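The primary structure of each chain is shown beneath.
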Amino acid sequence: MLRNAAIIGCGQTKHSGRRRDVSQAELVSEAVHNALEDAQVSMKEVNALVVGNMQGFGGVAQPELWIGDWIGAPGKPVLRIATGGTTGGSVGQGGFYAVMSGLYDIVVATAWEKHSDSKEAGATTGLLHVALANFFHAFGYGLSMKNLLATSAVGAAAGVAAYQARFYMHRSGCRSEHFDMVAAKCRRNAARNKYAHLQWPNCTPEDIHKTDVIVHPFRMGHVCPASDGASAIVIACEDIALKKCQRPAWVKGLASYSDEENQMQSESGGGVGVLDPSEQMGCRLSAMKAYAQAGIKDPQQEIDVAEIYQPVPSQELFFSEKLGLFDEGKAWIALEKGETEINGRMPCDPSGGVNATNAIGSSALQRILEAGLQVMGKAEDHQVPKKVRNAVAHGWGGVTNYVTVTVLGETPAPRR
Amino acid sequence: MAYLKDQRRETMMVEGSWNIGAYRYKGSTQLQEYVDGLKEKKLIGSLCPGCGKVIVQPRNICGRCHRRMDKRMVVSHKGTITCFVISPPIEKGKYKIIGIDPVEAGIIQEGAILVPVFVRFDGADSNINTILLNSSPEQVHIGMRVKAVFVENPEGKLSDLEGVEPLKE
Amino acid sequence: MQRRVAIVGYAQSEYQFDVPRTREDQVFDVVKAALRHAGILREEVDSVVTASSDFLDGRTISNVFLSMAVGAYQKDESKVEEDGTGALLYGLMRILAGTHDVVTVEAHTLASTINPHQILFYALDPLFDRQVGLLNDIAASAIQARMYMKKYSVPEEAVAMVSVKNLANAALNPLTHRKMPDLTVEEVLNSKIYYEPIRELMIPPITDGVCALILASEEKAREITDRPVWIEGVGTCQDHYLRERNLTQLESLQKAAAQAYEMAGIKDPYREIDVFEVSERFAHEELMISEALGLAREGRGQVLIEKGLTGLDGEIPINPSGGALSADPICATGLTRVIEAAKQIREEAENHQILGVTRALAHGQFGICAQKNTVFILGGDR
């Protein structure tokens, strides 16, 4: 990195299933306003914006053209980045690169999703659309009805995750009960985060275990909600960050490697060479690069808190391993010991994570934002009770192949 | 926190539709080659001349080598289950596939449990997503040996490969 | 800029309607050709940035099945959802930040998949304009054209002359879609009316297109090629939404151009820039763009075309390649302009080559009535 960048302000909206009090544009402006207020920066000082959502869910094509007027974008550079589930992570990283490049000094990165704007369940229809062209293509060759039923019965969205969980269980020896524990932890943490969606104080694994099985090994209680919400961060260059903020969250490393192709299928219906979708080579490569930039040699010791993108609990377990926070196949043992609790050795998702709040486009930016809050010491009730030197934020999406990894810290990255 | 809205009341809701008509996607020929193979009860995959990976169903491009996978290979009918999930019992009226209720249409019995599996056929370096037949949710496990089940009279359709069933070796 | 960055290779597909090949195939061929043009292997690329739109491609996460084709297998990659110049800007930022050295930038839209004007209707404000249902992108541009022509007394003939010039230039460029070497102003003015005053030949045809280029930092660029095309300046800006805007001027382009000129140290674009490649999605826009770029005073863009200054042999040639009017693959249009500008500097433009080009300007736009504009200034080794 030739120039340092830091988060100097964070803003997010209250998340819920139906934010019927605001329109999509007002939702975004709420987050941006909060971020600017937090950073003590006026929109006039902002040089550029990086924005993003998944336009299919909101039902507006190129929404930044319309929403721009609500967030002070006119007269400024606006870059819209969209990469599916990792949209937020890519937006955040786009903002970091914008400042690190030296082209802009203060950048606002914002991402949002308003699921309730679409009549049908946005998450499922949206994800089905990923493969829509391929689906029609396969249909032309007489796809069997039973196969189609199998796809819809295990659920398009939960489907890949269920396979991933099965792979992981087989490799590591963890059981469905551990997923109950992760989900319960997320609900409890969310109860301490005033912006989170699914809050459940004192939730126990037994509470989660009582819910119905949707597809083995997942229960209803394991799955993330579909939320309305937005998040925004203000990113500044070194001089301004030091002037404006007492304790900025410095960007130390960032990477977004794509895994080999995709799990479900490739373009035009071809097979896929990844035998194990929980292997997530992209995540490992991204983490390796981000840690190298940050000068982190042993993530198990040097990372103090992790914000992991985990729509379902199994993902928190195996992604924390791929991020190098636990030994391969050992994350569930650490979970049993309570190491991933807010007051544990390696707190994972103290904000409740995606499992408790999932506004898809915004989710991965929220991970960066929450990691930033932990570094800046502003996470209020869900602040981890220890000194945070480095925090890692993770995003995941595409058809299991996209990953963003961002490392934030209390000091800038070492110069190379 | 309140910025535009001092009072959090519901806003007016307007109806809007998203009617963008039909897309005209361009299909590739790989799937045609695959179904032509199914007609002869052959499982066809593509071989990358660069790294030697065999992918079933045939794929166009090898990302690793950044080249076309233009060689074709036939892989074995026998394979190994690499992963599985178990559906809840299929209930009447719960699922709709292109407007048809599968139970009413007689595609599947009420209460049946589907076991979608990933199978790696011997000779292939990829998984194929299909259904486990003639078995039960209790029996299925990772590493289970299976063989392909074809319909009696294949017509060159994707549905010619019905699924896989346990292999008695 | 913190580092110097150069374009070291590029490739374009042939722009046609309904090319009978899959998206993956076309993208793969073009990226492969761009790498070959630069003379490097995929392994030497650090990062890939693409530009495409979910709704134009007809799938959510439009880039998701293309990671193999663009050579992003286990590479640091991302996608912008706007014009290809946005992807170029992002790729540039990645190199400037010092984290990457070689970046592939790719943009595509296969507009034959669906009528792109239908999609742009859904870019309107969903709470009002879409409910009213009177506007679409062509109608909005017709309003813009009418306002502009009325305010500055621009005759229809001047607008038609833009089509005549660009479509004749297009005949010299083998890659373009609409080629009309013998077109006359009368023929343009007699073509079918879409929305008065916009006629069929003032709008680009619906085109499939893919293009890609390779960016490299100074050290790498020197290794890769002896004819690098340097990025000397960049500027980008978004305007107000339709309702709040002054439609008779492209204020956002003025700002974007000012940023780019400042960065490149340009004081008099008319004399210091040798050729202009702009994205004029409608014929009247070229006049407005030339004003916003500082080539003519407000409202006097018509003089440039009437005097033939913007022709192939004029003082300030605009769109020698044929411009967006000859081929408009939405997301790829702006990146095509950059490639055409780079071609001029490397003297690889063949039939439409302008002699002695050392500095060129490329412009990309996105949104209704050119709401968002990006300007790149390119220069050769001097």
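Residues numbered from 1 in each chain as written. Chains lettered and ligands numbered in written order. Predicted model: local features only at pLDDT ≥ 70, side-chain atom pairs only at ≥ 80, totals over all residues. Heavy atoms only, no water.

Caption draft 1: Molecular detail of the interface of chain C and chain A. Between chain C and chain A, the residue contacts involve 63 residues of the former and 66 residues of the latter. Each partner contributes to the roughly 5400 Å² buried at the junction of chain C and chain A, and carbon and sulfur atoms together form 58% of this total. For the interface between chain C and chain A, the tally reads three salt bridges. A salt bridge links Lys372(C) to Glu64(A); the shortest N-O distance between them is 2.6 Å. Our count for the chain C to chain A interface comes out at 23 residue pairs in polar contact (both at pLDDT 80 or more). When residues of the side of chain C that touches chain A are traced back to their parent elements, those giving at least two are helix H1 (23-38), helix H2 (54-57), strand S3 (76-80), helix H3 (84-96), strand S8 (229-238) and helix H10 (251-264) of chain C. For the side of chain C that touches chain A, the element with the most residues is H3(C), which contributes six residues. Residue composition of the side of chain C that touches chain A, by class: 27 nonpolar, 18 polar and 18 charged. (Contact = heavy atoms within 4.5 Å. Buried area = accessible area lost by both parts, 1.4 Å probe. Salt bridge = Lys/Arg side-chain N within 4 Å of Asp/Glu carboxyl O. Polar contact = N/O pair within 3.5 Å; in protein donor to acceptor, adjacent residues only side chain to side chain. Helix = DSSP H or I, 4+ residues; strand = E, 2+ residues; numbered from the N terminus. Nonpolar A, V, L, I, M, F, W, Y, C, P; charged D, E, K, R; others polar.)

Caption draft 2: Examining the sheet that holds strand S1 (residues 43-47) of chain B more closely. Residues and elements named next belong to chain B. If you trace the three strands from one edge of the open sheet to the other, you get S2-S1-S5, paired in antiparallel fashion. Two strands lie at the open edges of the sheet, namely strand S2 (54-55) and strand S5 (71-75), each paired on one side alone. Inspection of the sheet shows S1 paired to S2 by two bridges, in the antiparallel sense. Each residue of the ladder has a partner; that of Ser46, found in S2, is Ile55. Packing of helix H1 (residues 30-39) onto the sheet brings it into contact with S1 and S5, and relative to S1 it is tilted by some 145 degrees. (Pairing = 2+ DSSP bridges. Axes fitted to C-alpha atoms, helices over the stretch in contact; angles between N-to-C directions.)

Caption draft 3: Focus on the side chain of Asp21(A). Counting through the fold element by element, Asp21(A) comes out in the loop between strand S1 (5-12) and helix H1 (24-39). Side chain to side chain, Asp21(A) and Arg19(A) meet in a polar contact 3.0 Å long.

Caption draft 4: Structural view of the interface of chain A and chain B. Listed as interface residues are 56 residues of chain A and, on the opposing side, 57 residues of chain B. Of the roughly 5000 Å² buried at the junction of chain A and chain B (both faces included), carbon and sulfur atoms supply 65%. The largest contributions to the chain A side of the interface with chain B come from Arg20(A), Tyr141(A) and Tyr163(A), which together make up 15% of the buried area. Taken together, the connections running from chain A to chain B amount to zero salt bridges. By residue number, the principal contributor to the side of chain A that touches chain B is helix H7 (residues 145-154) of chain A, which donates nine residues.

Caption draft 5: Focus on the environment of Ala190(A). Residue and element names in this part refer to chain A. Note on placement: Ala190 falls in helix H9 (residues 176-191). For Ala190, a relative accessible area of 0% puts it in the buried group. The residues touching Ala190, leaving out its near neighbours within four places in the chain, are Ala196, Leu198, Gln199, Ser351, Gly352 and Ala356. (Buried < 20%, exposed > 50% of the residue type's maximum accessible area, 1.4 Å probe, protein only.)

Caption draft 6: Main features of a nonpolar patch on the surface. All names here are of chain C. Among the surface-exposed residues, Leu127, Phe128, Val132 and Leu134 lie close enough to one another that they form a single nonpolar patch of about 410 Å² accessible area. Mapping Phe128 onto the fold places it in the loop between helix H4 (116-121) and helix H5 (129-132). Look at Phe128 and you get partly exposed, because its relative accessible area is 47%. (Patch = residues over 30% accessible without salt bridge, like charges linked within 9 Å, V, L, I, M, F, W, Y side chains within 5 Å. Areas by Shrake-Rupley, 256 points an atom, 1.4 Å probe, with all protein chains shown as cover.)

Caption draft 7: Quick peek at the packing of H3(C) against helix H15 (residues 330-346) of chain C. Residue and element names in this part refer to chain C. In the contact formed by H3 and H15, the axes pass within 6 Å of each other and the chain directions differ by 60 degrees. Across from Gly84, Thr85 and Leu88 in H3, the residues of H15 making contact are Cys331, Gly334, Leu335 and Val338. The class makeup of the residues in the contact of H3 with H15 is four nonpolar, three polar and no charged.

Caption draft 8: Inspection of the packing of aromatic side chains at higher detail. Following the criterion strictly, the structure yields 11 aromatic pairs over all chains and no others. Their ring planes at 20 degrees and their centres at 4.1 Å tell us that Tyr163(A) and Phe118(B) sit as a pair that is stacked. In this pair, Tyr163(A) is assigned in helix H8 (residues 156-172) and Phe118(B) in strand S7 (residues 116-121), connecting two distinct chains. Judged on exposure class, the residue Tyr163(A) and its partner Phe118(B) are both buried. Aromatic pair Tyr168(A) and Phe318(A): ring centres 5.8 Å apart, planes at 50 degrees, arrangement tilted. Taken together, the positions of Tyr168(A) in helix H8 and Phe318(A) in helix H14 (residues 313-322) put the pair 150 residues apart, joining distant regions of the chain. Look at Tyr168(A) and you get buried, because its relative accessible area is 0%. On the accessibility criterion, Phe318(A) (0% relative accessible area) is buried. (Phe/Tyr/Trp six-rings, centres within 6.5 Å; stacked < 30°, edge-to-face > 60°.)

Caption draft 9: Fine view of the sheet that holds S7(B). Residues and elements named next belong to chain B. Across the sheet, five strands lie side by side as S8-S7-S6-S9-S10; this open sheet has antiparallel pairing. Two strands lie at the open edges of the sheet, namely strand S8 (128-131) and strand S10 (161-166), each paired on one side alone. Put simply, the sheet's adjacent strands are angled 50 degrees from each other on average, direction ignored. Summarising the sheet, strand S6 (residues 78-84) and S7 pair through five bridges and their orientation is antiparallel. Considered in S7, the bridge of Gly79 is made with Phe121.

Caption draft 10: Inspection of the environment of Ser290(C) at higher detail. Tracing the sequence through the fold places Ser290(C) in helix H12 (residues 283-292). Ser290(C) has contacts with Leu295(C), Ala296(C), Gly301(C), Leu304(C) and Ile318(C), leaving out every residue within four places of it along the chain.

Caption draft 11: Representation of the pairing of S8(B). All names here are of chain B. Inspection of the sheet shows S7 paired to S8 by four bridges, in the antiparallel sense. Note that in S8 the partner of Pro116 across the bridge is Ile131. Joining the antiparallel neighbours S7 and S8 is a turn of six residues, in which Gly123 adopts a positive phi near 100 degrees.

Caption draft 12: Layout of the nonpolar core. Judged by nonpolar contacts, the single largest core of 133 residues is most densely connected at Phe96(A), Ile233(A), Leu213(C), Leu215(C) and Leu378(C). With nine residues, the single largest contributor to this core is H15(C). Leu378(C) has contacts with Ile7(C), Val229(C), Trp230(C), Ile231(C), Glu232(C), Val338(C), Ala341(C), Ala342(C), Ile345(C), Thr358(C), Arg359(C) and Ala360(C), leaving out every residue within four places of it along the chain. Met54(A), Ala290(A), Tyr291(A) and Phe318(A) belong to the second largest nonpolar core, which has 54 residues in total. (Core = buried A, V, L, I, M, F, W, Y, C linked by side-chain atoms within 4.5 Å.)

Caption draft 13: Fine view of a negative patch on the surface. On the surface, a cluster of negative charge is contributed by Glu157(C), Asp182(C), Glu186(C), Glu187(C) and Glu306(C). If you trace the backbone, Glu157(C) turns up in helix H7 (residues 156-170). (Lys, Arg positive; Asp, Glu negative; His and termini not counted. Charge placed at Lys NZ, Arg CZ, Asp CG, Glu CD.)

Caption draft 14: Broad picture of the pattern of salt bridges. Counting across every chain of the model gives 58 salt bridges over all chains. One salt bridge connects Glu177(A) with Arg175(A), and the closest N-O pair in it is separated by 3.3 Å. Here Glu341(A) and Arg188(A) are joined by a salt bridge, their closest N and O atoms 2.9 Å apart. With Glu341(A) in the loop between helix H15 (331-336) and helix H16 (353-356) and Arg188(A) in helix H9, the pair connects residues that are 153 residues apart, well separated along the chain. The partly exposed category is assigned to Arg188(A), whose relative accessible area is 24%. Overlapping salt bridges, with partners in common, bring together Glu64(A), Arg80(A), Asp54(C), Lys79(C), Glu81(C), Glu82(C) and Lys372(C) in one network.

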